[in-house]
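Residue-level structure breakdown
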Amino acid sequence: MIDTHCHLDVERFDGDREAVLERAWAAGVEAIVVPAIGPDAWEPLLEWPAREPRVQVGLGIHPQLVPSLNPADDERHLARLDALLADPRAIAVGECGLDAASGQLERQARILKAHFALARKHHKPLLVHVLRAHPQFRALIEEEPMPEAGLLMHSYSGSAELTPRYVKYGCHFSFAGPVTFAEARRPLDALKSVPLGRLMVETDAPDQAPHPHRGGRSEPALLPLIVEAMSKVRSEEVGPHVTANARAFFRLPARP
Ligand SMILES: [Zn+2]
């Protein structure tokens, strides 16, 4: 199994990061993709794959972080991101996206468009967060050419009705802990609407812990709970498919 979205670099793992990794490998996780939240994370993240090749990293600016960054620094950050993305140790562009609850949505969109351009330039896949901003995101992808390496809608929050539009644009979709919640109608309907070849799984740790750990800190070792719930909801074994999809999307080497 591959955890396609996990914030293993955040402070909440500072006390026991090595133990968290050991539990992940013991649980059958083969690789973990850590998308950066912001500029301070980029350089430290690039060092990680050399220490532990099963941890791979993406570089970007999280939409929830945008309002806390000085707008005067946007161009400087994006120029540095461009330079760092030339490094083969960065396998993806992100996290980036649109989050209506965080404010400054127009600035978020400008920065997201710059991430699209960088993904096309560096031939790397784009890791996108869209929350309460699907109309704006749809408008954006109608004018912005898709990166040929692909786009992953992480912790997909769109409706089942919306899925075919995103499928048409070539998007992939990953799901996290909420698919294990019995009352979660919307993510379960969305999960059923995604073609098997476009499906992936993630923990989004430390957030969105699956049942029965809901409300606590999530970690990659809980990934099997999410895969099991996905298989149950779809009445088919998704495990081998989500792993193969993630391996192809992130161009990860085959398991030794
Ligand atoms: Zn994230």
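Note that the coordinates shown come from a computational prediction; the quantities given were computed from them, not determined experimentally.

Within the protein, the regular secondary structure consists of nine helices and eight strands. Over its C-alpha trace the protein gives a radius of gyration of 17 Å, about what one expects of a compact globule, namely 18 Å for 256 residues. The principal-axis extent of the C-alpha atoms belonging to the protein is close to 45 × 40 × 35 Å. Put simply, of all contacts in the protein between residues at least 6 apart along the chain, 73% involve residues at least 24 apart.

Let us now look at helix α2 (residues 39–51). Taken together, the buried positions of α2 are occupied by A41, W42 and L45. Looking at the buried residues of α2, the elements they touch are β2 (31–35), β3 (55–59) and α3 (74–85).

Time to look at the environment of A24. Along the chain, the position of A24 falls in helix α1 (residues 17–26). Note on A24: 26 C-beta atoms within 10 Å, which makes it buried. Considered as a pair, A24 and G239 are 215 residues apart in the sequence and their alpha carbons are 16 Å apart. Setting aside anything within four residues of it in sequence, one finds A24 in contact with V29, I32, P220 and A221.

Once that is clear, we can look at the sheet that holds strand β8 (residues 199–201). The parallel open sheet is built from eight strands, whose spatial order is β1-β2-β3-β4-β5-β6-β7-β8. Every other strand in the sheet has two partners, leaving β1 (2–3) and β8 as the edge strands with one partner each. Across three bridges, strand β7 (residues 172–175) lies against β8 in parallel orientation. Across the sheet, residue F175 finds its bridge partner in β8, namely V201.

Turning next to the pairing of strand β5 (residues 126–131). Most of β5 is tucked away: five of the six residues are buried. Note: strand β4 (residues 90–99) against β5, five bridges, orientation parallel. Bridging across to β5, L98 finds its partner in V130. This β-α-β element, β4 to helix α4 (residues 105–122) to β5, shows right-handed connectivity. In this region the chain leaves β5, passes through helix α5 (residues 134–143) and returns to the parallel neighbour strand β6 (residues 151–153); the handedness of that crossover is right-handed.

Next up on the list: the nonpolar core. Membership of the largest hydrophobic core comes to 74 residues, with the highest contact counts inside it found for I32, L59, V93, V201, I226 and M230. Ranked by the residues each element gives to this core, the list is headed by α4, at seven residues. If sequence neighbours within four positions are ignored, I32 has contacts with D3, C6, L8, A24, R54, V55 and P220.

Attention shifts here to the packing of helix α7 (residues 185–193) against helix α8 (residues 223–234). Axes are the key here: two packed helices are described by the angle between their axes and the distance separating the axes. As a packed pair, α7 and α8 sit with axes 10 Å apart at the nearest point and diverge in direction by 75°. Taken together, the axis directions place α7 and α8 in an arrangement best described as roughly perpendicular. The residues of α8 that touch α7, namely those facing L188, L191 and K192, are M230, V233 and R234. Residue classes in the contact of α7 with α8 are distributed as four nonpolar, no polar and two charged.

Mapped onto the elements, A83 comes out in helix α3. A count of 10 C-beta atoms within 10 Å places A83 in the exposed class. Along the primary structure A83 and L188 are separated by 105 residues, whereas in three dimensions their C-alpha atoms are 39 Å apart.

Of note, the bond from G94 into E95 is cis; its omega dihedral lies within 30 degrees of zero at 20°. Along the polypeptide, E95 turns up in strand β4. Residue P206 follows A205 across a cis peptide bond; omega there is 10°. Its place among the elements puts P206 in the loop between β8 and α8. Positive phi, close to 55°, is recorded for Q104, a residue that is not glycine. By the secondary structure assignment, Q104 is in the loop between β4 and α4. Under the C-beta neighbour-count criterion, Q104 is labelled partly exposed, with 16 such atoms within 10 Å. Phi is positive for S235, close to 55°, though the residue is something other than glycine. Along the chain, S235 turns up in the loop between α8 and α9 (239–249). The class for S235 is exposed, based on 7 C-beta atoms found within 10 Å.

Calculation notes
Residues numbered from 1 in each chain as written. Predicted model: local features only at pLDDT ≥ 70, side-chain atom pairs only at ≥ 80, totals over all residues. Helix = DSSP H or I, 4+ residues; strand = E, 2+ residues; numbered from the N terminus. Rg over C-alpha atoms; globule rule 2.2 N^0.38 Å. Contact = placed C-beta atoms within 7 Å. Buried ≥ 20, exposed ≤ 12 C-beta atoms within 10 Å, placed from the backbone. Pairing = 2+ DSSP bridges. Right-handed = clockwise from strand over helix to strand, strands pointing away. Core = buried A, V, L, I, M, F, W, Y, C linked by C-beta atoms within 7 Å. Axes fitted to C-alpha atoms, helices over the stretch in contact; angles between N-to-C directions. Parallel < 35°, antiparallel > 145°, perpendicular 65-115°, else oblique. Nonpolar A, V, L, I, M, F, W, Y, C, P; charged D, E, K, R; others polar.

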